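What follows is the residue order along each chain.
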Amino acid sequence: SEIDVEATGADQAVGFGLVGFSLSLFTYYTIWVIVLPFVDSDHVIHSYFLPREYSVILPGVAALILLLFVGTFIGVVTWKNRKPKKVD
Amino acid sequence: MATLKLYKFTVCAIYNKNIIYETELSNRNTFILTGGFFNYNFALHRPTIFITMTKLLEWLLGVSLIGVAWGLVTFDLLDLQLPPQYRELAWPMPVYLLVVFGCYSLATVGYRVATFNDCEDAAKELQAQIKEAKEDLKKKGLKIVSAAPVHVG
């Protein structure tokens, strides 16, 4: 039978770090998109958030940058693994 | 003068292997149905279009209904005159749902990485098996280029 040991420190740090990051991102974004329209426009909370248009533009830009990274990665890996064609 | 020939055909919609809808159409009021399967129904003696409701079609139907509802609210196509807060809430919805889905995926991956337990016994066993396999293959003539140890868990 196998004895399971708790995950090592680095794994836990990275894992819980990801959880914390996504929770805070979710909270901030939810307040921005869902809560703010129902808050008076002269409330102080609006100063902590960018204008509403950015709630769509910023994720769009982030998605484009992600696509760029993925595409570049694939391109670099494909370029490294190219084999010269055989000449008969 | 060109005359338009009148064609008659039948449309059958199938859900859970039962025919739930059947109708006669002519090319006076035809429309294109995606996901349809064109056939000739020999009993009815006319061309028949079968639409089998697959999971994909169900999803597409659901997504397009939601999309139409979103479009109606965002672009105010029906002049519903909703309060401005609800219109402000509706238009970023697709992006919001994508971001929420991304956050959920990231959190799930992070949580599973954090709670995935190391299996020391299994790791040792695997290392031993790898070593054994390498020696066995070396005897049979296979050259092993990389000598990097494998880290598991």
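About the cut-offs
- Residues numbered from 1 in each chain as written.
- Chains lettered and ligands numbered in written order.
- Predicted model: local features only at pLDDT ≥ 70, side-chain atom pairs only at ≥ 80, totals over all residues.
- Heavy atoms only, no water.
- Helix = DSSP H or I, 4+ residues; strand = E, 2+ residues; numbered from the N terminus.
- Buried < 20%, exposed > 50% of the residue type's maximum accessible area, 1.4 Å probe, protein only.
- Areas by Shrake-Rupley, 256 points an atom, 1.4 Å probe, with all protein chains shown as cover.
- UniProt positions renumbered as here; feature names shortened; annotations may be inferred.
- pLDDT = per-residue confidence, 0-100.
- Contact = heavy atoms within 4.5 Å.
- Core = buried A, V, L, I, M, F, W, Y, C linked by side-chain atoms within 4.5 Å.
- Phe/Tyr/Trp six-rings, centres within 6.5 Å; stacked < 30°, edge-to-face > 60°.
- Lys NZ or Arg CZ within 6 Å of the ring centre and 35° of its normal.

(A) The arrangement of the overall build of chain A in detail. In terms of regular secondary structure, chain A is built from 2 helices and 1 strand. Ordered by position in the sequence, the α and β elements of chain A form the string β-α-α. Looking at chain A as a whole, 15% of its 88 residues are labelled buried.

(B) Seen up close, the overall build of chain B. Broken down by element type, chain B carries 4 helices and 5 strands. Ordering the α and β elements of chain B from the N terminus gives β-β-β-β-α-α-α-β-α. When burial is assessed residue by residue, chain B has 20% of its 153 residues classed as buried. When the accessible surface of chain B is summed, it comes to about 12300 Å², and 66% of that surface belongs to carbon and sulfur atoms.

(C) Geometry of the UniProt feature "transmembrane region" (unreviewed entry) in chain B. Residues and elements named next belong to chain B. According to UniProt, the "transmembrane region" (unreviewed entry) feature falls on residues 56-75 and 95-114. Within residues 56-75, the helical portion is 95% and the strand portion 0%, while the C-alpha atoms at the span's ends are 28 Å from each other. Taken end to end, residues 95-114 is 100% helix and 0% strand, and its first and last C-alpha atoms sit 28 Å apart.

(D) Molecular detail of the confidence of the model for chain B. Residue and element names in this part refer to chain B. With 71% of its residues at a pLDDT of at least 70, chain B reaches an overall mean of 78. Element-level pLDDT for chain B is lowest in strand 3 (residues 36-41), with a mean of 60, against a maximum mean of 93 in helix 3 (residues 93-115). Counting interchain partners and residues more than four positions distant, the pLDDT-below-50 stretch residues 29-35 has 8 contacts. Complex prediction metrics read pTM 0.64 and ipTM 0.80.

(E) Examining the UniProt feature "coiled-coil region" (unreviewed entry) in chain B more closely. If you check UniProt for "coiled-coil region" (unreviewed entry), the listed places come out as residues 116-143 of chain B in our numbering. In the segment residues 116-143 of chain B, helix accounts for 71% and strand for 7%; the C-alpha atoms at its two ends are 35 Å apart.

(F) Fine view of the nonpolar core. By size, the foremost hydrophobic cluster in this structure holds 10 residues: Tyr29(A), Trp32(A), Val33(A), Leu36(A), Phe49(A), Leu89(B), Met93(B), Tyr96(B), Val99(B) and Cys103(B). For this core, the secondary structure elements donating two or more residues are helix 1 (9-35) of chain A together with helix 3 of chain B. For this core, the leading source of residues is helix 3 of chain B, giving 4 residues. What Leu89(B) contacts, discounting residues up to four positions off in sequence, is Val33(A), Ile34(A), Phe38(A) and Arg52(A).

(G) Spotlight on the packing of aromatic side chains. Considering all chains together, one arrives at 6 aromatic pairs over all chains under this definition. Each ring, one from Phe38(A) and one from Tyr86(B), has its centre 5.4 Å from the other, and the planes form 70°; the classification is edge-to-face. Here Tyr86(B) lies in helix 2 (residues 84-90) and Phe38(A) lies in the loop between helix 1 and helix 2 (54-80), a pairing that spans two chains. Ring centres 6.0 Å apart and planes at 80° place the aromatic pair Trp70(B) and Phe75(B) in the edge-to-face group. Classification of Phe75(B) as exposed rests on a relative accessible area of 57%. One aromatic cluster is present, formed by Tyr28(A), Tyr29(A), Trp32(A), Phe49(A) and Tyr96(B) through successive ring pairs. In this arrangement the basic side chain of Arg82(A) is found over the ring face of Trp79(A), its NZ or CZ atom lying 3.9 Å from the centre.

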